[in-house]
Amino acid sequence: MPPSPAASPSPSPSARPEHTRQLRRVALSGLLGTAVEFYDFLVYGTVAALVFGELFFPGADPAVGTIAAFGTFAAGYVARPIGGILFGHFGDRLGRKSMLLLTMGLMGGASFLIGLLPTYDTIGVWAPVLLITLRVVQGIAIGGEWGGATLMVVEHAGERRRGLWSSFTQMGAPLGSLISAAVVALVSTLPKDQFAAWGWRVPFLLSVALLGVGLFVRLKVVESPLFAEVKKDRAEARLPIVDVLRRPRPVLLACCVGIGAFTAQSLLTSYLIAYATGIGYPRPQVLTALTVSAAVALVVLPCASALSDRVGRRPVVLAGALLSAATAFPVLALVDSKSSGALILAVVLGHGIAQSLMYGPLGALFSEMFGTRVRYTGASLGYQGATLVGAGFSPMIAGSLVAGSGNSTPVALLLCGGSLITALTVWFVRETSRTSLSGADSEAAAAPRTEEITA
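Residues numbered from 1 in each chain as written. Predicted model: local features only at pLDDT ≥ 70, side-chain atom pairs only at ≥ 80, totals over all residues. Heavy atoms only, no water.

Enquirer: What exactly am I supposed to notice about the overall build of the chain here?
Expert: Across its full length, the chain carries 21 helices and zero strands. Out of the 455 residues in the chain, the part that is buried amounts to 58%. Accessible surface computed for the chain: about 16,800 Å², of which carbon and sulfur atoms make up 68%. (Helix = DSSP H or I, 4+ residues; strand = E, 2+ residues; numbered from the N terminus. Buried < 20%, exposed > 50% of the residue type's maximum accessible area, 1.4 Å probe, protein only. Areas by Shrake-Rupley, 256 points an atom, 1.4 Å probe, with all protein chains shown as cover.)

In structure tokens, the structure reads:
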């Protein structure tokens, strides 16, 4: 029998009530903070699909304007690995909490400034230049956000329920999407000229209020106990990024495992708005479908994450990937039917259920693939690399291919392809649900499954 990994240290009975309170506070911080970050990030994608083409790239063919708007969307994703490296470095050296406060402030500030930006008609070419610059700042901020928020929860949680507790951070994405869709749906009821004139700014300006709530909660959490333990006896180490890239297998596997979830997320949320409105769906109808899907995801995500604690991370992610691949063409066929009920069913099936099954266990899985000294950097790089490949360019590629083909087949192929990459990669990842975080080898989840890894 192979040696079992050492259990994560448990608090003493007298300390358990305080530990439980702190864990709940950290989980709430992860949920609210990530929701604020994703609200800011996804509001951009939603508004880009609706009006950014005409406001910041006027004079172009409508399809070209949409592609250009999604090009700025992609810029945010290109910047995310930079944020992962930057904040991962300082998060592994200085601590998780301070980086989380900084990333939230950057994201909220950039979003507020986007809401104040003059358009092309006012300042010419400087309008898209400033838009892209602020989008890059958003990308850098969210690149550091997810890793820190997830690690704070996972490193506070016990071994048996890491998946469930990490789902609070994962739920921040659909919660942010739900809030952003609801706010945009509200302002999009304005007449088209008023929405284009000032209504699109409202969701960005509201980010200041959400930022205040998120910072208030985050100021009350304590530093990760595992990081504090490592920091006590830390020897002068190399740059965390150097340690991670010396053995790149875990990062590469994490990136590939996440591609399916992020391809589905971008194609069935941000890009779907542009595609569905382009074939005749009323804008409020599309936003309603996204709102229903986000509500379903808030239920499926914790269920999928809790299930991964019982049966393992790999089976749950694999089930979601296979479901996403199998339903890619039916989902797009439902969208093409131009029925409001079919549209809701399509987004719920493809995003609310299949994507959530893939996405739910990723927080715990990526955290378990790296040791504490480099966990922030490693998990962030894997996650942000997956978002760059899976989500950063998918809307732009889909828009270009659909403009050339005139049908949704390229979208279905992209969705199916991303899901199959995840399904195939899962077979090369070692199960990590019982790995001890206090002694986790940075290659434990990436080692061939026929080898035994000890803590």
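Read on, since the account is not over.
Enquirer: What am I meant to see in a nonpolar patch on the surface here?
Expert: Taken together, the side chains of Phe112, Leu113, Leu116, Leu205 and Val208 make up a nonpolar region of the molecular surface, amounting to roughly 390 Å² of accessible area. Tallying contributions element by element places helix H3 (residues 96–116) first for the nonpolar patch, with three residues. Within the element layout of this structure, Val208 appears in helix H10 (residues 207–218). Of the residues examined, Val208 reaches a relative accessible area of 41% and is grouped as partly exposed. (Patch = residues over 30% accessible without salt bridge, like charges linked within 9 Å, V, L, I, M, F, W, Y side chains within 5 Å. Salt bridge = Lys/Arg side-chain N within 4 Å of Asp/Glu carboxyl O.)

Enquirer: Got a minute to help me understand unusual backbone geometry in this structure?
Expert: Working note: non-glycine residues mostly have negative phi, and peptide bonds are mostly trans. Positive phi outside glycine occurs at Lys338, with the angle close to 65 degrees. If you trace the backbone, Lys338 turns up in the loop between helix H16 (313–336) and helix H17 (340–359).

Enquirer: Honestly, the pattern of salt bridges in this entry has me stumped. Any pointers?
Expert: Once their charged atoms are close, side chains differing in charge can pair, the charge on each being opposite to the other. Within this structure, the stated rule accounts for seven salt bridges. Glu155 is paired through a salt bridge with Arg375; the nearest N and O atoms lie 2.9 Å apart. Of this pair, Glu155 sits in helix H5 (residues 126–156) while Arg375 sits in helix H19 (residues 375–392), placing them 220 residues apart in sequence. For Arg375, a relative accessible area of 0% puts it in the buried group. Note that Glu368 and Arg313 form a salt bridge whose closest N and O atoms lie 2.7 Å from each other. Here the residue Glu368 occupies a position in helix H18 (residues 362–368), and Arg313 occupies one in helix H16, the gap between them amounting to 55 residues. Across this residue pair, the class does not change: Glu368 and Arg313 are buried.

Enquirer: So what exactly am I meant to see when it comes to the packing of aromatic side chains here?
Expert: Each aromatic ring pair is characterised by the separation of its centres together with the angle its planes make. Taken as a whole, this structure holds nine aromatic pairs when the rule is applied. Ring geometry for Phe56 versus Trp200: centroids 6.0 Å apart, planes at 85 degrees, classification edge-to-face. Taken as a pair, Phe56 in helix H1 (residues 16–56) and Trp200 in the loop between helix H8 (192–199) and helix H9 (201–205) lie far apart in primary sequence, 144 residues in all. For Phe56, a relative accessible area of 1% gives the class buried. (Phe/Tyr/Trp six-rings, centres within 6.5 Å; stacked < 30°, edge-to-face > 60°.)

Enquirer: When you look at the confidence of the model for the chain in this model, what are you seeing that I'm missing?
Expert: Low pLDDT means the predicted atomic positions in that stretch should not be read closely. Chain-level statistics for the chain give a pLDDT mean of 83 and a share of 87% at 70 or above. Of the regions scoring below 50 in pLDDT, residues 1–10 engages in 18 contacts with residues more than four places distant in sequence or in other chains. (pLDDT = per-residue confidence, 0-100. Contact = heavy atoms within 4.5 Å.)

Enquirer: Any chance you could explain the environment of Pro250 here in plain terms?
Expert: By the element assignment, Pro250 lies in helix H13 (residues 249–267). Considered as a pair, Pro250 and Val429 are 179 residues apart in the sequence and their alpha carbons are 8.6 Å apart.

Enquirer: Would you explain H17 in this entry?
Expert: In an α-helix, one turn spans 3.6 residues; hence positions three or four apart end up facing the same way. Along its length, H17 reaches its greatest deviation from straightness, about 35 degrees, at Val348. Among the 20 residues of H17, 14 are classified as buried, and the element is accordingly described as predominantly covered. (Bend = angle between axes of the 7 residues up to and from the residue.)

Enquirer: Sorry if this is basic, but what is going on with the side chain of Gln355 here?
Expert: Following the sequence through the fold, Gln355 ends up in helix H17. Judged by relative accessible area, which is 3%, Gln355 ranks as buried. Gln355 has contacts with Ala261, Ala264, Gln265 and Gly350, leaving out every residue within four places of it along the chain.

Enquirer: I'm lost on H16 in this one. Help?
Expert: Over its 24 residues, H16 runs 34 Å from end to end, which matches the ideal 34 Å to within 8%, given 1.5 Å per residue. Along H16, the largest kink reaches about 50 degrees and is centred on Thr327; proline Pro330 follows within four residues of it. (Expected span 1.5 Å × (residues − 1).)

Enquirer: When you look at the packing of H13 against H19 in this model, what are you seeing that I'm missing?
Expert: When two helices pack together, their arrangement is given by the angle between the helix axes and the distance between those axes. Orientation of H13 relative to H19, taken along the N-to-C sense of each, is 45 degrees, at an axis distance of 6 Å. The pairing of H13 with H19 is recorded here as oblique in orientation. H13 and H19 meet at a crossing whose hand is right-handed. Between H13 and H19, the contacting residues are Val251, Ala254, Cys255, Gly258, Ile259, Phe262, Thr263 and Ser266 on the first element and Gly378, Leu381, Gly382, Tyr383, Gly385, Ala386, Thr387, Val389, Gly390 and Ala391 on the second. Here the contact of H13 with H19 is composed, by residue class, of ten nonpolar, eight polar and no charged. (Axes fitted to C-alpha atoms, helices over the stretch in contact; angles between N-to-C directions. Parallel < 35°, antiparallel > 145°, perpendicular 65-115°, else oblique. Left-handed = near helix turned anticlockwise from the far one by under 90°. Nonpolar A, V, L, I, M, F, W, Y, C, P; charged D, E, K, R; others polar.)

Enquirer: Mind showing me how you'd approach the state of the cysteines here?
Expert: The tally for this structure, following the rule as stated, stands at zero disulfides. With no disulfide partner, Cys255 has as its closest neighbouring cysteine sulfur the one in Cys256, 5.2 Å distant. Exposure remark for Cys255: the relative accessible area of 14% places this residue in the buried category. (Disulfide = S-S within 2.5 Å.)

Enquirer: Any chance you could explain the nonpolar core here in plain terms?
Expert: Judged by nonpolar contacts, the single largest core of 96 residues is most densely connected at Phe52, Phe56, Trp200, Tyr359 and Phe366. The element best represented in this core is H1, accounting for 16 residues. Both domains that furnish three or more residues to this core are identified here as domain 1 (23–222) and domain 2 (245–431). Look past the residues within four positions of Tyr359 in its chain and what remains in contact with it is Phe38, Trp146, Gln170, Ala173, Ala261, Phe262, Leu301 and Tyr383. With 16 residues, the next largest nonpolar core counts Leu23, Val26, Met152 and Val221 among its residues. (Core = buried A, V, L, I, M, F, W, Y, C linked by side-chain atoms within 4.5 Å. Domains from an automatic or database assignment.)

Enquirer: Explain empty space enclosed by the protein here, please?
Expert: Over the atoms a probe the size of a water molecule is rolled, and this reveals where empty space is left. The tally for this structure, following the rule as stated, stands at three cavities of 30 Å³ or more. Each pocket or cavity is described by its volume, and for the largest cavity that value is around 90 Å³. The wall of the largest cavity is formed by Leu42, Ala173, Pro174, Ser177, Gln265, Thr269, Ala297, Leu301, His351, Gln355 and Tyr359. Residue assignment for the lining of the largest cavity shows that the elements contributing at least two residues are helix H7 (172–187), helix H15 (283–311) and H17. Here the lining of the largest cavity is composed, by residue class, of six nonpolar, five polar and no charged. In this structure, the lining of the largest cavity is formed jointly by two domains, domain 1 (23–222) and domain 2 (245–431), each of which donates at least three residues. Lining the second largest cavity, in full, are Leu42, Thr46, Ser177, Ser180, Ala181, Thr269, Ser270, Ile273 and Leu290. (1 Å grid on protein atoms, 1.4 Å probe; cavity = no way out; pocket = protein on both sides within 12 Å on 5 of 7 lines; lining within 4 Å. Points joined across faces, edges and corners; volume = space filled by probe spheres on them.)

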